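Report on the structure
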Amino acid sequence: MDNTPTEDDTAGRPDTGGDLSRRSLLGSSARLAVGVGVLGAVASTRSGATAAATPSLPHPVAGLRPPDTALARQAMRFARDESSEILFNHVMRSYHFGALLLDRAGARYDRELLFIGSVLHDLGLVERFTTPTERFELDGADAARRFLRQRGMANDRVEVVWDAIALHTNATIAARKRPEIAAVAAGAGVDVGGRGLEDLDPDDVAEVLAAYPRTGFKRDTVDTMLDHCRRKPMAYFTHPFAEVGRRHIPDFAVPTVEDVVLAAPFPD
């Protein structure tokens, strides 16, 4: 199986590493730090609810054509089949917003890696990939790694996708990584909290929203976070989900960092 990106899809591999992502994308990424912990916490994670009306690749939206490679098509189909329509539309919007930010900055990046990282970034919110103990980003990164290895993706590329998914709720760290990793976090951050939205062309944003609508996204996002806090509260120690749990769940048992420091087994 040939999963090699086309010349148009790769748009050049970054040759400046994390410096490129810091210079280009994240003027806006730094602003994503506030509230970015809810990135990807999107709703209605019932496995198997598909977004049947979503167009197949390639489908240009806001001037962007998703990379037309076999592996990109397989990843999109996998995300669509496993996710609710709300979740699938979120990951597609995230791809477009992240790519638009990079293109606006003139960044060189691998479109296939950005696309796959974006469309698979919330697998950890899908029921069958949710483990009893890990935070959802790690569940999703592990599920994506298995999927991509089974389809023959080179290991170094798989690890870029793994990092992009595992780090997507921490934009300030993701911003120090290569552009594809930074843009998964940034694109999801635009969609979840609107951080960096002002850096995008309003016409492009309207086109993305028309193609992949936000139908009940906000309420389902909060419901998803609460569901995870109830299922495996200690997975979200020091995680932004815990703040939602403390606000809404009586006697939420997850300690704060302060609690841990003060309870340390030392005499001072």
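Right above here is the structure, for reference.
The notes below deal with the structure included here. (Residues numbered from 1 in each chain as written. Predicted model: local features only at pLDDT ≥ 70, side-chain atom pairs only at ≥ 80, totals over all residues. Heavy atoms only, no water.)

**Observations concerning the overall build of the chain**
Short version of the rule: Runs of H or I in DSSP of at least four residues are treated as helices and runs of E of at least two as strands, each being numbered from the N terminus. The buried label goes to any residue with under 20% of its type's maximum accessible area, the exposed label to any with over 50%, and the partly exposed label to all in between, with areas taken from a 1.4 Å probe on protein chains only. Any two residues whose heavy atoms approach within 4.5 Å at even a single point are treated as in contact.
In terms of regular secondary structure, the chain is built from 14 helices and zero strands. Ordering the α and β elements of the chain from the N terminus gives α-α-α-α-α-α-α-α-α-α-α-α-α-α. The buried share of the chain, taken over its 268 residues, is 55%. Residue pairs in contact within the chain that sit at least 24 positions apart in sequence constitute 75% of those at least 6 positions apart.

**Side note on helix H5 (residues 85-105)**
Convention followed: Each helix should span, by expectation, one fewer than its residue count multiplied by 1.5 Å.
Over its 21 residues, H5 extends 30 Å from the first C-alpha to the last, a length consistent with the 30 Å expected when each residue adds 1.5 Å. Judged by how many residues are buried, H5 sits mostly within the fold: 17 of 21 residues are covered.

**Focus on a nonpolar patch on the surface**
Condition: Patch building starts from residues that exceed 30% relative accessible area and form no salt bridge, then joins like charges within 9 Å and nonpolar side chains (Val, Leu, Ile, Met, Phe, Trp, Tyr) within 5 Å. Each accessible area value is a Shrake-Rupley result obtained with a 1.4 Å probe; residue values ignore everything except the protein chains displayed when judging cover. Only one rule defines a salt bridge in this text: a Lys or Arg side-chain nitrogen within 4 Å of an Asp or Glu carboxyl oxygen.
The grouping of Val257, Val261 and Leu262 at the surface amounts to a nonpolar patch, some 320 Å² of accessible area in total. The residue valine 261 is located in helix H14 (residues 257-262) in this model. We classify valine 261 as exposed; its relative accessible area is 58%.

**Some thoughts on the pattern of salt bridges**
Under the criterion given, the structure shown has 17 salt bridges. Salt-bridge contacts for glutamate 159 lead to arginine 149; the nearest nitrogen and oxygen are separated by 3.6 Å. In this pair, glutamate 159 is assigned in helix H8 (residues 155-166) and arginine 149 in helix H7 (residues 136-150), connecting sequence segments ten residues apart. For glutamate 159, a relative accessible area of 23% corresponds to the partly exposed category. Several salt bridges converge on common partners, so that one network encompasses Asp142, Arg145, Arg149 and Glu159.

**Here we look at the packing of H5 against helix H6 (residues 111-119)**
Which entries qualify depends on this criterion: Axis geometry follows a simple rule: fit a line to the C-alpha atoms, using only the stretch in contact for helices, then measure angles between N-to-C directions, giving values from 0 to 180 degrees. Take the far helix as the reference: if the near one is turned anticlockwise from it by less than a right angle, the crossing is left-handed, and if turned clockwise, right-handed. Following the grouping adopted for this structure description, the nonpolar residues are Ala, Val, Leu, Ile, Met, Phe, Trp, Tyr, Cys and Pro, the charged ones are Asp, Glu, Lys and Arg, and the polar ones are all others, Gly among them.
The contact between H5 and H6 brings their axes to 8 Å, and the two run at 145°. Of the two possible hands of crossing, H5 and H6 adopt the one that is right-handed. When H5 is examined against H6, the residues Val91, Met92, Ser94, Tyr95, Gly98, Ala99, Leu102 and Asp103 are found in contact with a partner set consisting of Arg111, Leu114, Phe115, Ser118 and Val119. Along the lines of polarity and charge, the residues of the contact of H5 with H6 split into eight nonpolar, three polar and two charged.

**Topic: the nonpolar core**
To keep it simple, the criterion reads: Nine residue types can take part in a nonpolar core, namely buried Ala, Val, Leu, Ile, Met, Phe, Trp, Tyr and Cys, and a core is a set of them joined through side-chain atoms within 4.5 Å.
In terms of nonpolar packing, the biggest core is built from 69 residues, with Leu114, Ile116, Val119, Leu120, Leu148, Met153 and Val161 touching the most fellow members. In contact with leucine 114, not counting residues within four places along its chain, are Tyr95, Gly98, Ala99, Leu102, Tyr109, Glu180, Ala183 and Val184.

**Some words on the packing of aromatic side chains**
Selection rule: To pair, rings of Phe, Tyr and Trp, with the six-membered ring standing in for Trp, must have centres within 6.5 Å; the planes then decide the type, stacked if under 30 degrees apart, edge-to-face if over 60, and tilted in the middle. We call a charge positioned above a ring when the Lys NZ or Arg CZ atom is no farther than 6 Å from the ring centre and deviates by at most 35 degrees from the ring normal.
Under the defined criterion, the tally for this structure stands at five aromatic pairs. Pairing tyrosine 95 with phenylalanine 115 gives two aromatic rings, centres 4.9 Å apart and planes at 85°, and the pair type is edge-to-face. Of this pair, tyrosine 95 sits in helix H5 while phenylalanine 115 sits in helix H6, and the two are 20 residues apart along the sequence. Across the pair, phenylalanine 115 and tyrosine 95 agree in class, each one buried. In this structure an aromatic cluster arises from ring pairing among Phe78, Phe129 and Phe147. The cationic tip of arginine 93 hangs over the ring face of phenylalanine 217; the distance from NZ or CZ to the ring centre is 5.1 Å.

**Here's the deal with unusual backbone geometry**
Backbone geometry follows two general trends: most residues other than glycine have a negative phi, and most peptide bonds adopt the trans configuration. The phi dihedral of threonine 238 is positive, around 65°, even though this residue is not glycine. Inspection of the secondary structure assignment puts threonine 238 in the loop between helix H12 (217-231) and helix H13 (241-248). Residue threonine 238 is classed as exposed on the basis of its relative accessible area of 53%. Its identity is not glycine, yet aspartate 251 carries a phi of approximately 55°, on the positive side. Positionally, aspartate 251 belongs in the loop between H13 and H14. Of the residues examined, aspartate 251 reaches a relative accessible area of 78% and is grouped as exposed.

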